[in-house]
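# Examining the three-dimensional arrangement
In case you want the letters, here they are:
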Amino acid sequence: MFTKILKKTMEMVVTIFIATIIIFVLIRLSPRDPVKIVMGNPEIAMTNTKEYDIRYEKMSEELNLDKSIPFQYISWIKRVLKFDFGKSIYTGRPVADEIKERIPATLLLAIPSMILQCILGISLGVISAVRHEKFTDQVIRFISVFFSSVPAFALGLMLLYYFGVHLKYYEVSNVANLSRLWLPVIVLGVISSPSLIRVVRTNMLQEFGRDYISFGIARGLSKGDILKNAIKNIALPIITILALSFVSLLSGAVVIESIFTWPGMGRYAMESILLNDYPVTQAYALFMTIMIVIINFFVDIIYTYANPKVKM
Amino acid sequence: MKKKIISIGFVAVLALVLFVGCGNDKSTQGVSGQKSTEATKTVDTKATDQEELIFVEREIASKTDPNFYPGSSHYIANGASETLFKIQANGEVEPFLAKGSKQIDETTWKIDLRPEAKFWSGESITAQAVIDSLERSRETNVRALPFLEGISFTPIDDYSFEAKTERKNLNLPLSLAYMELSIINASKAHDSIETMDMSGMYKVVEFQPKKKIVLEINENYYGKKPTIKRIIHEEIMDNEARTLAASSGRADIVRGIPNESVAQLKKDDNLVLHMAPAANTQTIYLNLQKEHLKDVKVRQALAWALDRDELVVLGSEGLSTPVTTWLGSNPKYAEAKNAVYTKYDSEKAKDLLEEAGWKLGDDGIRHKNGEKLQFKLRTWGQDKALGETIQNQWSRIGVDTEVIYGDYALIETARETGDWDGLIEAWQTYGDEYSLLSGQFSPTGTANYGKYDDVETNKLLEELLNAKTAEERHERALAINERIAMEVPAIYMYPRVETSAVKKSLKGYKEHFRQFENVVNSDLEFEGY
């Protein structure tokens, strides 16, 4: 087991290293001039730009843009290793500080959303399997198809309008607090649950067809005990779906955070892209790559632990 | 037992996450940038609705220092900062923080200050303090540079100073009214709320980067004090969410309402919509380096073939009004609004193309020497309706138009590589006439994208530069504007419209063609309070 973990850790380091190169190069392929972004263009087009040109040259040197790409990469990676992601062009604040401030808001949204997804996904999936081909199953399948077809922004806006404007139960502002949490959590939980419902239902139906279930019934086990055994056996696909959900929620539910003006990582990334705030976009991409790699690493370990036949 | 431990652990983790998350609001209330969260001040939020005004915008100041963009204009808009002079809604320039000004000779001005004026800290706003502030802007704010170019300042006494300009007869009050020239106490660092020191009727008491700025009345304010105790200046970037902030009744003023939401908000009895055309002109810049666009008849044909009324209806939801020349959107040049291209005339456009040798083919497209009359138009992603309308209108005269949408980076790249025939932009048209017109139409103008170079226009620009009086400047600017309209280095359509939603119970909101710096004023008050 230890050797497997060590091997996986090495793979993780290599993946992150390659990712840093890709992120660094991709950001530099952008057509915008970073110096102009930092300095800003004069608001009104003027003919006399001598002073601007002098400052432009100075700034290019300060940002090392006159140096070769490998030199720029090495100096960037050195700073990254010290958790220095540079400063936001827009706010002038260290990007690491801004990310640190955004993570709690993202977790506050992501964890309850995932819990709701679990509750809806597993309970409705199991009910749907138990009531296979009955009316309840049809209703759950319809709901599942409906919510997987509705775009997140449409559901979000509709609920925001209904609760925020019509009923005035929800505050349309930009703070992250408990009173503003429930609506985005409902939207995220509801739109992410259909995939889990389907996985649970399909796997449960497969389990119901297995011999151990028939033997259990023959031995007079209660329905609850039979279900418990079946659910244990479908744990792996559930873990896969939840891990994927967690990664996407952690990287920020961009659309939902924007609509509900929730100050999490998704909105932060979206705004940095719109504002061409490259240090932020670069740091966000790297941070999320590391998070995804780490989560996948843990999922692999859980898989191996739950089923030693699975190769890491 | 095992189950109980797991359950307790789960609840503990959840509680911790919720606690951390709830604490987030406070942890981000630190002052931006260089100072730590120690500088944080959490203000009392028990104020009644009437004591507090919530003002929502797409973006707010990103730093505590107004010299860093976006800063100054937002601090002017929320009542925290002031410029020496201010542009009124009719386009006239009037003293604001300054008491008055006098032109001594062609290159010398005397500016008088108000002895009673003080910064938030209570320090007097002396001539030296104002000069230091302007020099700080020159040093740190690239956007302020063009407005201070060739100007030097010398104090005369405590409350008056002299300004020497390299350019003769420069309208100095107009330059000093520019939104990036907020007067601040330059001896302070402006890197936290404690070290901010400006002159406006409100002062900043809380700053959350990219979220909100809270302001309270400045007790040292020299002018009429406002009645509303607190301003909450909030950033909501998403268009739909901003619209919902207005219709939910929570926000009192929402700036930057998208055109598509206007019809919906018009039905709201609790809101008043203020729609002021901005002083900018949506313009199709033409690439005069392209062979087919070197012919002035082709350019004129494209200008005559635009049905601007239809463009307004489809491109701006019918909220703007047509403008046929560049200066037409400037309130001081209202007479230029419908000059030259007085009506939509597609027949005239067709005749001009015939005269230029472009004959209509069986495919509905015009041809000359075996080549199709094609046009590559680049514009912004949000201008889809406008792009398609132009495409349709030009197809009626036989021009095969391809419209390419993208962000500014793509447009800039196309401009550098020459891969464009036309591109849409909207520059400000209000300001110093020479600077504006030479920036657009002189051979070295930074917005002269199509490399327009016309002897007659250059001569008129020289005359404008040497004009001695405001009347003379006005006359010369109109002459250039007309010459440009005839020569067509660009085609003019309509000004963009700025829409603000204001709660009906709020009185004193003033419409302005530069609404972005004219929102909070001392006359604002809630009805019945």
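Residues numbered from 1 in each chain as written. Chains lettered and ligands numbered in written order. Predicted model: local features only at pLDDT ≥ 70, side-chain atom pairs only at ≥ 80, totals over all residues.

## Re the overall build of chain B
A count of helices and strands for chain B gives 15 helices and 23 strands. The dimensions of chain B, computed from C-alpha atoms along their principal axes, are 85 × 80 × 45 Å. Residue pairs in contact within chain B that sit at least 24 positions apart in sequence constitute 67% of those at least 6 positions apart. (Helix = DSSP H or I, 4+ residues; strand = E, 2+ residues; numbered from the N terminus. Contact = placed C-beta atoms within 7 Å.)

## Quick word on the overall build of chain A
On a plain count of helices and strands, chain A comes out with 14 helices and zero strands. Against the 2.2 N^0.38 benchmark of 20 Å for 312 residues, chain A shows a C-alpha radius of gyration of 25 Å, more extended than a compact globule. The principal-axis extent of the C-alpha atoms belonging to chain A is close to 90 × 60 × 30 Å. The proportion of buried residues among the 312 residues of chain A is 32%. Sequence separation of at least 24 residues holds for 72% of the intrachain contacts in chain A that already meet a minimum separation of 6. (Rg over C-alpha atoms; globule rule 2.2 N^0.38 Å. Buried ≥ 20, exposed ≤ 12 C-beta atoms within 10 Å, placed from the backbone.)

## Some thoughts on unusual backbone geometry
Here Tyr-69 of chain B and Pro-70 of chain B are connected by a cis peptide whose omega angle stands at -5°. Within the fold, Pro-70 of chain B resides in the loop between β1 (52-57) and α2 (72-77). Positioned with a positive phi, Lys-168 of chain A is a non-glycine residue whose angle comes to about 55°. Along the chain, the position of Lys-168 of chain A falls in the loop between α7 (152-166) and α8 (182-208).

## Things to note about the pairing of strand β5 (residues 108-113) of chain B
All names here are of chain B. Judged by which residues are buried, β5 turns out to be one-sided: Trp-109, Ile-111 and Leu-113 face inward and are buried, whereas Thr-108, Lys-110 and Asp-112, on the alternate face, are not. Bridging between strand β4 (residues 98-105) and β5 involves six bridges; their strand directions are antiparallel. By the bridge assignment for β5, Ser-101 is matched with Ile-111. Linking two consecutive strands that pair antiparallel, namely β4 and β5, is a turn of two residues. Bridge count for β5 against strand β7 (residues 160-165) is five bridges, and the pairing is antiparallel. (Pairing = 2+ DSSP bridges.)

## A short note on the sheet that holds strand β16 (residues 371-372) of chain B
Residues and elements named next belong to chain B. What the three strands build is an open sheet, ordered β14-β15-β16; its pairing is antiparallel. Looking at the sheet topology across the chains shown, the edges are occupied by β14 (359-360) and β16. In this sheet, strand β15 (residues 366-368) lies alongside β14 in antiparallel orientation, the contact comprising two bridges. Pairing of Lys-359 across the sheet is with His-367, part of β15.

## What about the pairing of strand β19 (residues 422-428) of chain B?
Residues and elements named next belong to chain B. Across the seven residues of β19, five count as buried, placing the element largely inside the fold. Pairing between strand β13 (residues 280-286) and β19: seven bridges, direction antiparallel. Pairing of Thr-283 across the sheet is with Glu-425, part of β19. Examined bridge by bridge, strand β17 (residues 374-380) and β19 share two bridges and lie parallel to one another. If you follow Arg-378 over to β19, its bridge partner there is Leu-423.

## Quick look at helix α9 (residues 211-218) of chain A
Among the eight residues that make up α9 of chain A, zero are buried, leaving the element largely open to the surroundings. Just downstream of α9 of chain A lies Gly-220 of chain A, where phi reads positive at about 85°.

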